[in-house]
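Chain by chain, the residues:
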Amino acid sequence: MQRGRLIVVSAPSGCGKGTILSEILKEQKYYYSVSATTRQPREGEQDGVQYRFLTRPQFESLIGENAFLEHAEYCGNYYGTLSAPIEEHLSAGQHVILEIEVEGARQIRERCPDACFVFIAPPGIEVLRERLMKRGTETPEVIAGRVAQAERELSMKEQYDYCIVNDVLEDAIADFRTIVRAEELRCRKPAQQR
Ligand code: 5GP
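Residues numbered from 1 in each chain as written. Predicted model: local features only at pLDDT ≥ 70, side-chain atom pairs only at ≥ 80, totals over all residues. Heavy atoms only, no water.

**Q** Help me out: how do you make sense of the pattern of salt bridges in this one?
**A** Oppositely charged side chains can pair when the atoms bearing their charge come close. Summed over all chains, the structure comprises 13 salt bridges. Arg56 is the partner of Glu73 in a salt bridge, and the nearest nitrogen-oxygen pair spans 3.1 Å. Placement of the pair is Glu73 in strand β5 (residues 68-74) and Arg56 in helix α2 (residues 56-64), with a sequence separation of 17 residues. Owing to a relative accessible area of 33%, Arg56 belongs among the partly exposed residues under this scheme. As a salt-bridge pair, Glu103 and Arg106 come within 2.9 Å of each other at their nearest N and O atoms. Residue Glu103 and its partner Arg106 are located together in helix α4 (residues 102-111), separated by three residues, close to a single helical turn. Bridged by salt links that share partners, the residues Arg5, Glu183 and Arg186 form one connected network. (Salt bridge = Lys/Arg side-chain N within 4 Å of Asp/Glu carboxyl O. Helix = DSSP H or I, 4+ residues; strand = E, 2+ residues; numbered from the N terminus. Buried < 20%, exposed > 50% of the residue type's maximum accessible area, 1.4 Å probe, protein only.)

Here it is, written out as structure tokens:
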């Protein structure tokens, strides 16, 4: 059986990453890595489904035990990928998807250089601002902060192997599938692995 690929996905908030991934994850060949976080659950979120919700001392003791493949602090909360389930799913031939921010992706690039790195971008920063405003869940200050954060994150996209521009949702989903198919057919390993 062919080993699965580790696929790292980053996107600024409001890019529609969640919608793309929920469609992709309907296929059995993917395993979504549930991260640990110290942020409070949002309405409707369940422990162990969207995240494992931990206290700061719990998270810090796992850092001490070296339990994370990567972890980062984002907007005042810890987020991290627990190493344990990942190897099991890769060996079982599933592609493991890590949905993480840019600092965590940088750590994975160092530790797992043969992973596949995908960035999802909005068609433009103005479109992103409009989407966040339409969502209506944030104050103008929070929206301004997220747009500024998105601009910082967008400047990192050259460090990723692929960039999908989420303009038309169906096209973005098709692009994601195309990238994974290309990775499944890959012969030559990424430069660091040669
Ligand atoms: P949210 O709080 O909106 O669910 O997530 C905030 C940010 O944290 C998003 O960019 C998300 O991709 C990122 N994130 C989620 N899980 C992890 C993780 O395990 N590690 C890192 N580094 N970032 C994560």
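**Q** Looking at this model, I keep getting lost on a negative patch on the surface. Mind explaining?
**A** Taken together, Asp167, Glu170, Asp171 and Asp175 make up a surface patch of like negative charges. Residue position: Asp167 is located in the loop between β9 (162-165) and α7 (169-184). (Patch = residues over 30% accessible without salt bridge, like charges linked within 9 Å, V, L, I, M, F, W, Y side chains within 5 Å. Areas by Shrake-Rupley, 256 points an atom, 1.4 Å probe, with all protein chains shown as cover. Lys, Arg positive; Asp, Glu negative; His and termini not counted. Charge placed at Lys NZ, Arg CZ, Asp CG, Glu CD.)

**Q** What am I meant to see in the environment of Ala36 here?
**A** Tracing the backbone through its elements, the reader meets Ala36 in strand β3 (residues 35-37). The sequence separation of Ala36 and Tyr162 amounts to 126 residues, and the corresponding C-alpha distance is 26 Å. If we ignore the near neighbours within four places in the chain, the residues touching Ala36 are Arg52, Leu54, Phe59, Phe68, Tyr78, Tyr79, Gly80 and Leu82. (Contact = heavy atoms within 4.5 Å.)

**Q** What should I look at first to understand the site of the ligand in this one?
**A** With respect to spatial proximity, 15 residues lie near the ligand, and among them Ser35, Arg39, Tyr51, Tyr79 and Glu101 are the closest. Arg42 places a polar side-chain atom, nitrogen or oxygen, 2.9 Å from an oxygen atom of the ligand. At 3.4 Å from an oxygen atom of the ligand is found a side-chain nitrogen or oxygen belonging to Thr81. Protein coverage of the free-state accessible area of the ligand, which is 510 Å², stands at 89%. (Near = heavy atom within 4 Å. Polar contact = N/O pair within 3.5 Å; in protein donor to acceptor, adjacent residues only side chain to side chain.)

**Q** Can you help me understand the packing of helix α5 (residues 125-135) against helix α6 (residues 140-154) in this one?
**A** Helices that pack against each other are described as a pair by the angle of their axes relative to one another and the distance between those axes. At a minimum axis distance of 10 Å, the contact between α5 and α6 shows a crossing angle of 145 degrees. Helix-helix and strand crossings are classified by hand; for α5 and α6 the assignment is right-handed. Facing Ile125, Leu128, Arg129, Leu132, Met133 and Arg135 of α5, the residues of α6 in contact are Ile143, Arg146, Val147, Ala150, Glu151 and Leu154. (Axes fitted to C-alpha atoms, helices over the stretch in contact; angles between N-to-C directions. Left-handed = near helix turned anticlockwise from the far one by under 90°.)

**Q** Would you explain the sheet that holds strand β7 (residues 95-99) in this entry?
**A** Sheet strands pair via backbone hydrogen bonds, and the direction of the pair is either parallel or antiparallel. Spatially, five strands are ordered β2-β7-β1-β8-β9 in an open sheet, and the strand pairing comes out parallel. Edge strands, defined here as strands with exactly one partner in the open sheet, are β2 (30-32) and β9. The average undirected angle you get between the axes of adjacent strands in this sheet is 25 degrees. Bridge count between strand β8 (residues 116-121) and β9: four bridges; the pairing is parallel. Residue pairing across strands places Ile120 opposite Ile164, the latter belonging to β9. Where helix α3 (residues 84-91) meets the sheet, its contacts fall on β1 (6-10), β2 and β7, and the angle it forms with β7 comes to roughly 145 degrees. (Pairing = 2+ DSSP bridges.)

**Q** Can you help me understand the layout of surface pockets in this one?
**A** One way to see where empty space is left: roll a probe the size of a water molecule over the atoms. If you add up the space inside the largest pocket, you get close to 1100 Å³. Taken together, 37 residues line the largest pocket, and the ones lying closest to its centre are Ser13, Lys17, Arg42, Tyr51 and Glu99. Broken down by secondary-structure element, the contributors of at least two residues to the lining of the largest pocket are α1 (17-24), β5, β6 (77-82) and α6. At five residues, α6 tops the list of elements feeding residues into the lining of the largest pocket. Split into classes, the residues belonging to the lining of the largest pocket amount to 13 nonpolar, 13 polar and 11 charged. Of the voids in this model, the second largest pocket is the one considered here, and its volume is about 490 Å³. As for the second largest pocket, its lining consists of 21 residues, and the residues nearest its centre are Arg3, Gly4, Arg5, Leu6 and Asp114. Mapped onto the lining of the second largest pocket, the elements with two or more residues apiece are α3 and α7. In terms of residues, the lining of the second largest pocket owes the most to one element, α3, which gives three residues. Class assignment of the residues belonging to the lining of the second largest pocket gives a composition of seven nonpolar, five polar and nine charged. (1 Å grid on protein atoms, 1.4 Å probe; cavity = no way out; pocket = protein on both sides within 12 Å on 5 of 7 lines; lining within 4 Å. Points joined across faces, edges and corners; volume = space filled by probe spheres on them. Nonpolar A, V, L, I, M, F, W, Y, C, P; charged D, E, K, R; others polar.)

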